[in-house]
Every structure is written in C-alpha cells, then in structure tokens.
Amino acid sequence: MKKLAVTQNGVSVVLEQDDSKKKESLSIKGNYPDNALSRFLFSQLALVHLLIPHDPKTVQCDFGISGQTRALLKKMYGWEKRRLPKIESPLFVPQFDIPRTNSGKVAIAYSGGKDSMWNLWWASEKYGMENVSLIHVKNLNPGQNSEEAKYAERQFKEFGVKNHAIIELSNGSQNNGFAVMRSRDMFLAGISVPVALVFGASRILIEGFAEETDDEHFTGNSSNMRFFNGVLKAWHIP
C-alpha cells in the first residue's frame, strides 16, 4: 500500500486507499456536541483508529494534525515495531475554550460488563450517584457491541442512573476484534470528552489494568494510557 487519503466532514472521517479505491469510515450518528473541540478530537482520534491497521508509505489528510497526534502515532507504530507513515497535513495547534469542570463529578466509559459495574459502584460511593455520568460508545467493535449496548441500557434503568448517554458510531473500520485494543481505549475516552464536559465531569474512568501483561496491545498498557493523558493535557483538556 503506497498512499492513503483521509478526509473529514464534521464528526465523520473517511480513509481511502489510492491503489484500490477501497474506503473505510467512522462517524457519529445522532445527538453529539457540535463544536470545534468535538470536531477536533474526533478528527485526530478517528485518524489514529482508522490508520493503525495499515502500513502505507504516505497519508494525506485534508485537515490539520496536531504535534501530539503525530507523537501518539509514532509511539503506537513503534510499539509494534512498525515504521510510521509519512503524514502530509498542515500542523494544527489546538486552542479551545474548555468549559469549567467540577472535581466532584466523574464520567465512566461504560461497556456494561463487570469492570464497568465496578467503576460505577466505586464512583457512586465516592462522588454520589447524582455526580456520575455513564457514557457508552456503541458499535466501537462491530459484531459484539450491539449486545453490549442492550446490557448497558438495561443497567442504566436497573441501577437508577439518571445521567447517561450513548454515542452511536457508524463504523466501517478494519480495526476490530481483539486487535481493536491497539487504539480502542484512547478513541472511546477521547470521543467521550465532549459529552463528559457537558456534564461538568473532571475525569473519565475506563476499565483498569489489573491483568496487564507484557504482550498487550497498545491501549492495554497503563504506561501508554498515561502518555495519552499527557496528550490530553497538551490539548488543554482536564
């Protein structure tokens, strides 16, 4: 594969292979914050999520890429001992007005499994249920995520959680199966940020790393997630 072209339209990103004209895409359907921050976060993290299964020589983007996004991609490709493609795109320096957050509020990236339920219990004990928001990303891993969404919605009702949201993806990416962990946790946390900020949350909880091993995919490693926290900080996101 010699070249990929990546284009953005709002919260929709399309990747096209120039040698086959095959397209992959990610977009958000339905209600989602529509502002410069949400469009920026989606463009950067959708690019990462779509690109990581591929090894092109060059990637051409019709939108700006931040220096932190380039550093993240370099680290991800290096993790798998692969060469980072040449990225042809203007450098974008993000500057946004971030809403004030409340240190007593937290959002949870909620899958509906036992780890999510543990996070909900822990957060409700620490902050109070009224200060917890659950965010489920639907169709992040096609083939299994539709069932996860059903369980998540059932639990919202059973546990009496009033603050919750479902971010529904239209997902045409090749990044799926267990290998989705190359970028999954960063993508789901990143696109949850605009929703969490509307709630006023100062942090987003994801599933933990108690069973971490040396051969984890990139976002299954806690040190890499700390690096991602540094990326968010450089973007001036709490």
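Everything that follows concerns the structure shown earlier in this document.
Scoring rules and cut-offs
Residues numbered from 1 in each chain as written. Predicted model: local features only at pLDDT ≥ 70, side-chain atom pairs only at ≥ 80, totals over all residues. Heavy atoms only, no water. Salt bridge = Lys/Arg side-chain N within 4 Å of Asp/Glu carboxyl O. Buried < 20%, exposed > 50% of the residue type's maximum accessible area, 1.4 Å probe, protein only. 1 Å grid on protein atoms, 1.4 Å probe; cavity = no way out; pocket = protein on both sides within 12 Å on 5 of 7 lines; lining within 4 Å. Points joined across faces, edges and corners; volume = space filled by probe spheres on them. Helix = DSSP H or I, 4+ residues; strand = E, 2+ residues; numbered from the N terminus. Contact = heavy atoms within 4.5 Å. Polar contact = N/O pair within 3.5 Å; in protein donor to acceptor, adjacent residues only side chain to side chain. Phe/Tyr/Trp six-rings, centres within 6.5 Å; stacked < 30°, edge-to-face > 60°. Pairing = 2+ DSSP bridges. Nonpolar A, V, L, I, M, F, W, Y, C, P; charged D, E, K, R; others polar.

(A) Region of the structure containing the pattern of salt bridges. One pass over the full model with this rule turns up eight salt bridges. When the shortest N-O distance is used, the salt bridge between Arg39 and Asp34 registers 2.6 Å. Note on Asp34: relative accessible area 63%, which makes it exposed. A network of salt bridges, in which partner residues are shared, links Asp55, Glu80, Arg82 and Arg182.

(B) Seen up close, empty space enclosed by the protein. Here the structure, examined in full by the defined rule, presents one cavity of 30 Å³ or more. Approximately 40 Å³ is the volume attributed to the largest cavity. Lining of the largest cavity is provided by Leu45, Val48, Leu72, Met76, Ser183, Met186 and Phe187. For the lining of the largest cavity, the secondary structure elements donating two or more residues are α1 (36–51), α2 (67–79) and α5 (184–199).

(C) Region of interest: the environment of Gln8. Mapped onto the elements of the fold, Gln8 is located in strand β1 (residues 3–8). With relative accessibility at 23%, the residue Gln8 sits in the partly exposed group. With 116 residues separating them along the chain, Gln8 and Ser124 place their C-alpha atoms 38 Å apart. In this view, Gln8 contacts Val13, Arg39, Ser43, Asp62 and Phe63; residues no more than four positions away in its chain are not counted. In this structure the side chain of Gln8 is engaged in a polar contact, spanning 3.0 Å, whose partner is the backbone oxygen of Gly10.

(D) Region of interest: the environment of Ala165. Tracing the sequence through the fold places Ala165 in strand β8 (residues 164–171). Given the relative accessible area of 22%, Ala165 is considered partly exposed. Once the C-alpha coordinates of Ala165 and Arg39 are considered, the two residues, 126 residues apart in sequence, prove to be 18 Å apart. Discounting residues that sit within four places of it in the chain, Ala165 has contacts with Leu134, Ile135, His136 and Val195.

(E) Representation of the packing of aromatic side chains within the structure. Under the counting rule described, the total for this entry stands at eight aromatic pairs. When the centroid spacing of 5.0 Å and the interplanar angle of 80° are considered together, the rings of Phe40 and Trp235 count as edge-to-face. Of the two residues, Phe40 is situated in helix α1 and Trp235 in the segment after α6 (222–234); the sequence distance between them amounts to 195 residues. When sorted by exposure, Phe40 lands in the same class as Trp235, which is buried.

(F) Region of the structure containing the pairing of strand β4 (residues 58–61). Here β1 runs beside β4; their pairing, made up of four bridges, is parallel. Paired with Val6 across the two strands is Cys61, which belongs to β4. Direction of pairing for β4 relative to strand β5 (residues 86–88): parallel, over a ladder of three bridges. In the strand pairing of β5, Thr58 is matched with Lys86.

(G) Molecular detail of the layout of surface pockets. Roughly 920 Å³ of internal volume is contained in the largest pocket. What lines the largest pocket is a set of 33 residues, among which Asp115, Met181, Arg184, Glu207 and Gly208 lie closest to the centre. Of all the elements in the fold, those that place two or more residues in the lining of the largest pocket are α3 (114–127), β7 (132–138), α4 (145–158) and α5. Its residues assigned to classes, the lining of the largest pocket shows 13 nonpolar, 11 polar and nine charged. If you add up the space inside the second largest pocket, you get close to 490 Å³. If you go around the second largest pocket, you meet 21 residues; those closest to its centre are Arg203, Ile204, Asn229, Leu232 and Pro238. For the lining of the second largest pocket, the secondary structure elements donating two or more residues are α5, β9 (204–205) and α6. For the lining of the second largest pocket, the leading source of residues is α6, giving seven residues. Of the residues in the lining of the second largest pocket, the class split is 14 nonpolar, four polar and three charged.

(H) Fine view of unusual backbone geometry. Unlike most non-glycine residues, Asn139 shows phi in positive territory, near 75°. Tracing the chain through its elements places Asn139 in the loop between β7 and α4. Notably, His236 is not glycine yet its phi reads approximately 65°, a positive angle. Note on placement: His236 falls in the segment after α6. Here His236 falls in the exposed class, since its relative accessible area comes to 53%.

So far we have only geometry, and geometry alone does not tell us how the molecule works.
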